[in-house]
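A look at the structure
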Amino acid sequence: MKKLFVTILAAAALLCTACDDKQEVFEEIHASTTEVTPLPGSRFDAFTDHDAAFRLIDADDGTKTLAMERVKFVAEMPRISIEVRGIVLSDDGRYTAESVIPYYNGEQMPRYEITGLDVELGSGPFATLKVSFDCFTMHVEYTGLLFENGYHI
């Protein structure tokens, strides 16, 4: 079954590279895992999520936006979509920040400051996006398989 899934992913990537769409947007293939673990003193439990999607999207100002879609940082939390703006990847595809304020519905959410943000983007047609950070009383680690829409960063 796993070989069939990989074959389907490869075919999807080939079809996308044949498209004439010139947007440099990374499309998420739903092969992702978000591991959420409590920080010391947290009253919440660890859980694993396979329904969230993280994307790096080109912004109009030359930076990237980390879009976190359908995320939740505790099992009881409803799913939301938030973003971190102003990301500039280094030559090796990394970005780190001690502290960032995420946006929700276009407004900053200072109450949910993200600390220790680490973004790592692999290269190639089947790249991995790894993101880790602390939010509120939880540590979040996301790993997802990405393909580039026919273009290399």
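In this structure, Phe-54, Leu-66, Leu-117 and Phe-133 are the most contacted members of the largest nonpolar core, which totals 32 residues. Leave out the neighbours within four places in its chain, and Leu-66 touches Phe-54, Arg-55, Leu-56, Ile-82, Glu-83, Val-84, Ile-87, Leu-117, Val-119, Leu-129 and Val-131.

Quantified by volume, the largest pocket comes out at close to 270 Å³. Grouping the amino acids of the lining of the largest pocket by side-chain chemistry returns 11 nonpolar, no polar and 2 charged.

Among the structural elements, Gly-116 can be located in strand β9 (residues 114-121). Classification of Gly-116 as partly exposed rests on a relative accessible area of 46%. For the pair Gly-116 and His-139, spaced 23 residues apart in sequence, the C-alpha separation works out to 9.5 Å. Residues within four places of Gly-116 in sequence aside, it is in contact with Ala-97, Glu-98, Ser-132 and Phe-133.

Scanning the model with the defined rule gives 7 salt bridges in all. Note that Asp-49 is salt-bridged to Arg-79, the shortest N-O span being 2.9 Å. In this pair, Asp-49 is assigned in strand β2 (residues 47-49) and Arg-79 in the loop between β4 (64-71) and β5 (80-87), connecting sequence segments 30 residues apart. Given the relative accessible area of 5%, Asp-49 is considered buried. Note on Arg-79: relative accessible area 34%, which makes it partly exposed. Put simply, Asp-58 and Lys-64 hold a salt bridge, and the shortest N to O gap is 2.3 Å. You can call Lys-64 buried: its relative accessible area is 11%. Connected through shared salt-bridge partners, Asp-49, Asp-51 and Arg-79 make up one network.

Of all residues in the chain, 75% attain a pLDDT of 70 or more, and the chain-wide mean is 80. At the low end of the mean pLDDT range in the chain sits helix α1 (residues 2-17), at 44; at the high end sits strand β8 (residues 107-108), at 97. Here residues 1-11 is a poorly scored stretch, pLDDT under 50, and it has 6 contacts once near neighbours within four places are set aside; other chains count. With pLDDT under 50 throughout, residues 148-153 is counted as low confidence; its partners more than four residues away or in other chains account for 21 contacts.

Two elements, β9 and strand β10 (residues 127-135), share 6 bridges in a ladder whose sense is antiparallel. Residue Ile-114 lies in a different strand from β10, and its bridge partner there is Cys-135. In sequence, β9 turns back onto β10 through a hairpin of 5 residues, with Gly-124 there showing a positive phi of about 105 degrees.

Relative to the assigned elements, Ser-32 resides in strand β1 (residues 26-38). At a separation of 3.1 Å, a polar atom in the side chain of Ser-32 contacts the main-chain carbonyl oxygen of Ala-52. In this view, Ser-32 contacts Asp-49, His-50, Ala-52, Tyr-142, Thr-143 and Gly-144; residues no more than four positions away in its chain are not counted.

Now for the packing of aromatic side chains. In this structure the tally under the stated criterion is 3 aromatic pairs. Seen in terms of ring centroids, Phe-73 and Phe-133 are 5.6 Å apart; in terms of plane orientation they differ by 90 degrees. Their pairing is edge-to-face. Of this pair, Phe-73 sits in the loop between β4 and β5 while Phe-133 is found in strand β10, placing the two residues 60 residues apart along the sequence.

Cut-offs used in this document
- Residues numbered from 1 in each chain as written.
- Predicted model: local features only at pLDDT ≥ 70, side-chain atom pairs only at ≥ 80, totals over all residues.
- Heavy atoms only, no water.
- Core = buried A, V, L, I, M, F, W, Y, C linked by side-chain atoms within 4.5 Å.
- Buried < 20%, exposed > 50% of the residue type's maximum accessible area, 1.4 Å probe, protein only.
- Contact = heavy atoms within 4.5 Å.
- 1 Å grid on protein atoms, 1.4 Å probe; cavity = no way out; pocket = protein on both sides within 12 Å on 5 of 7 lines; lining within 4 Å.
- Points joined across faces, edges and corners; volume = space filled by probe spheres on them.
- Nonpolar A, V, L, I, M, F, W, Y, C, P; charged D, E, K, R; others polar.
- Helix = DSSP H or I, 4+ residues; strand = E, 2+ residues; numbered from the N terminus.
- Salt bridge = Lys/Arg side-chain N within 4 Å of Asp/Glu carboxyl O.
- pLDDT = per-residue confidence, 0-100.
- Pairing = 2+ DSSP bridges.
- Polar contact = N/O pair within 3.5 Å; in protein donor to acceptor, adjacent residues only side chain to side chain.
- Phe/Tyr/Trp six-rings, centres within 6.5 Å; stacked < 30°, edge-to-face > 60°.

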